[in-house]
Structures are given as structure tokens and as C-alpha cells.
Amino acid sequence: MTGRTPLIAGNWKMFGLKADLAELDALAAALAAHPPGAVEIVACPPATLISEAARRARGFAVGAQDCHAETEGAHTGDLSARMLAEAGASYVIAGHSERRRDHGETDFMIAAKARAAAAAGLVPIICVGETLAEREAGRASEVVADQLAGAVPAEGGADLVIAYEPVWAIGTGLTPSAQEIADMHGDMRRRLAARLGPRGAGARLLYGGSVKPANAEEILAVADVDGALVGGASLKAHDFLAIIAAHPAAGA
Ligand code: PGA
């Protein structure tokens, strides 16, 4: 064991109405019947469902999918980390590639969000990952290194979670090989430790991008993979539970 608590997080993205909270009830019931050992679980529904999800959360924590960098202000439509914490979130995803793409989020903005999250008592899950063109050009490691340097704040909460999500693997059914994931996670760990010391060495590094019940066992067993950020397969409790059960520490 590494001393790092494994974490499996589900990112519902812009899916989910009140009726879908039944999936979280099913998740809670299954986790009560079969506790997942040392594995920590987080569900990140859309912000409209956070309060209700938190009220039902048993055996898992609730996270948000984004936050604003400021605590309050004239920012129509945005939500601060403090608001999300009050609604019942304890985690927040920062800098998902879909936010980088849809909202022009930069590493600088993402670092500010991560600092705001930590200040509000939320654990940020900071996302990095290269595009297919960048991987094909042999630049994946360099791109991720730049994102880590820009998006991971030097200061902040002790609990640091980073998700490596190759953009080309998200929602496509494609994944890097176990060796490619091991290489990238090893690289990330070395860079974070060199820059941030024990806080970097102890960061939990999640893999995300087309994690499914069928490939979870192989991916979660990779060295330096401390868990997963799961999109599509987190929407149904049955699939999400199968991924959780595939972690080597589940049931331990
Ligand atoms: P996916 O999404 O599992 O549906 O590929 C992962 C993510 O975007 O976090």
C-alpha cells in the first residue's frame, strides 16, 4: 500500500434530473451491503442536485464539477466554492477539459479555482491531459508538465488530487495502454514531488477517460494510479459499483 487513500470519483457532467438521484440511493445501498474497503468514493452530480445528493450520501462524498475563483461577486450564473461547500460538496473538479474547451479556462484560472476550493474547505480534483495531436507529436509529457506547473497551486490544502485525462480518451472508448498510463503517472509524480515536496509526492493521481467495468481492473492496478475519474460509466450505479469493486483495495 502507498499510504494514499484510493479515490474513485464519478463525473455526471450535464446529465441528471431529480429522478436520477435513485442511482445514488442504489449506490448508497450497495456500499452499505458491501463496504468498499479503503476506497473513497465521490459522486459529482450537476450543481442543481448537490444538496439533495448530499442529503442521501451514505458511504460516499459529493463533489461539484466547477467553481468560481472568487468567494462572491458580480458573476452572473457562477457558483463559489463556499456556496458549493454549503450545499454539501466536499470535492470540486477544476479544469476539466470540457471546461477548458467550452469556457476557455486556462491553467492560470484553474489554479485560482483550486486555491478558492481549498480555502473553502473543498478538495480540488485538478484535471490535466493532452490532445490526440499532442500525443501523436510526442508532446504528451511536456504538455501535461506545463499544465501541472500552471494549474496546480504551490500552496493550498494538503489533500491534492490530480486527474490525468487524455482529451482523446474522454467519451471515446479509447484509452492509453497500461504502460502509457504508468509512464505518465510516474512522470507526474516525479514532477509534483520535485516542485511541491511531500505534498506533491502524496498527491492522489487519478486516471480518467473511458474507464469502464471492462477495463477498470487493468487501469486501477497500474503503478501510481490512485483511482479514477469516471464519466459516462458513473451515471448508472451498477457500472460505477463494478468499477469500484475492480480496485485492488476494495474489500480489503
Ligand atoms: P468518460 O469521461 O469516462 O465518459 O470518458 C471521463 C471524464 O470526462 O471525466
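Before any of the text, the structure's been laid out above.
Residues numbered from 1 in each chain as written. Predicted model: local features only at pLDDT ≥ 70, side-chain atom pairs only at ≥ 80, totals over all residues. Heavy atoms only, no water.

Novice: Break down the nonpolar core for me, with residues and values.
Specialist: Among the nonpolar cores identified, the biggest contains 62 residues, and Phe 60, Ile 162 and Met 188 are the most heavily contacted of them. Here Phe 60 is in contact with Leu 24, Leu 27, Ala 28, Leu 31, Ile 41 and Ala 43, once residues within four sequence places are set aside. (Core = buried A, V, L, I, M, F, W, Y, C linked by side-chain atoms within 4.5 Å. Buried < 20%, exposed > 50% of the residue type's maximum accessible area, 1.4 Å probe, protein only. Contact = heavy atoms within 4.5 Å.)

Novice: Mind laying out the pattern of salt bridges, listing which residues take part and the relevant values?
Specialist: Inspection of every chain in the model, using the stated rule, returns 24 salt bridges. Of the charged contacts in the structure, one is a salt bridge between Arg 99 and Glu 105, with a shortest N-O distance of 2.8 Å. Put simply, Lys 113 and Glu 105 hold a salt bridge, and the shortest N to O gap is 2.9 Å. Judged by relative accessible area, Lys 113 falls into the buried class, the value being 8%. Since its relative accessible area comes to 6%, Glu 105 is described here as buried. One continuous salt-bridge network, built from bridges that share partners, spans Arg 4, Arg 189, Asp 224 and Asp 226. (Salt bridge = Lys/Arg side-chain N within 4 Å of Asp/Glu carboxyl O.)

Novice: So, the site of the ligand: which residues are in play, and what are the values?
Specialist: Not every one of the 13 residues close to the ligand is listed here, only the nearest: Lys 13, His 96, Glu 165, Gly 171 and Ser 210. The side chain of His 96 places a nitrogen or oxygen atom 2.6 Å from an oxygen atom of the ligand. A distance of 2.7 Å is found between an oxygen atom of the ligand and a backbone nitrogen or oxygen belonging to Gly 171. For the ligand, the accessible surface in isolation is 280 Å², of which the surrounding protein chains cover 97%. Partitioning the shell around the ligand into residue classes produces 4 nonpolar, 7 polar and 2 charged. (Near = heavy atom within 4 Å. Polar contact = N/O pair within 3.5 Å; in protein donor to acceptor, adjacent residues only side chain to side chain. Areas by Shrake-Rupley, 256 points an atom, 1.4 Å probe, with all protein chains shown as cover. Nonpolar A, V, L, I, M, F, W, Y, C, P; charged D, E, K, R; others polar.)

Novice: Just give me the short version of helix α5 (residues 107-119), but keep the residues and values in it.
Specialist: End to end, α5 covers 18 Å across 13 residues, agreeing with the expected 18 Å (1.5 Å per residue, within 8%). Listing the buried residues of α5 in full gives Asp 107, Ile 110, Ala 111, Ala 112, Lys 113, Ala 114, Ala 116 and Ala 117. Tucked inside the fold, the buried residues of α5 contact α3 (81-87), β4 (91-94), α4 (97-103), β5 (123-128) and α7 (140-151). Gly 121 sits one or two residues past α5 and shows a positive phi near 85°. (Helix = DSSP H or I, 4+ residues; strand = E, 2+ residues; numbered from the N terminus. Expected span 1.5 Å × (residues − 1).)

Novice: Requested: an account of the packing of helix α10 (residues 213-220) against helix α11 (residues 237-245), with residues and values cited.
Specialist: Direction vectors running N to C along α10 and α11 enclose 25°, while the axes themselves pass 8 Å from each other. It follows that α10 is roughly parallel to α11 by the angle criterion. With respect to the hand of their crossing, α10 and α11 are arranged in right-handed fashion. Counting all contacts with α10, which are made through Pro 213, Ala 216 and Leu 220, the residues of α11 involved are Asp 239, Ala 242 and Ile 243. Residue composition of the contact of α10 with α11, grouped by class: 5 nonpolar, no polar and 1 charged. (Axes fitted to C-alpha atoms, helices over the stretch in contact; angles between N-to-C directions. Parallel < 35°, antiparallel > 145°, perpendicular 65-115°, else oblique. Left-handed = near helix turned anticlockwise from the far one by under 90°.)

Novice: How would you sum up the environment of Tyr 207? Please name residues and give values.
Specialist: Turning to its location among the elements, Tyr 207 is positioned in strand β7 (residues 204-208). Spatially, the C-alpha atoms of Tyr 207 and Glu 165 are 6.1 Å apart, while their sequence positions differ by 42 residues. In contact with Tyr 207, not counting residues within four places along its chain, are Tyr 164, Pro 166, Ala 169, Thr 175, Pro 176, Ile 181, His 185, Ile 219, Val 225, Gly 227, Ala 228 and Leu 229. A polar contact of 2.8 Å, which involves the side chain of Tyr 207, links it to the backbone oxygen of Gly 209.

Novice: Summarise the pairing of strand β2 (residues 40-44); cite the residues concerned and give the values.
Specialist: Judged by how many residues are buried, β2 sits mostly within the fold: 4 of 5 residues are covered. As paired strands, strand β1 (residues 7-11) and β2 are joined by 5 bridges and run parallel to one another. Of the residues in β2, the one forming a bridge with Ala 9 is Val 42. Sheet analysis places β2 next to strand β3 (residues 61-64), joined by 2 bridges and oriented parallel. (Pairing = 2+ DSSP bridges.)

The quantities given are spatial measurements derived from coordinates; they are silent on function.
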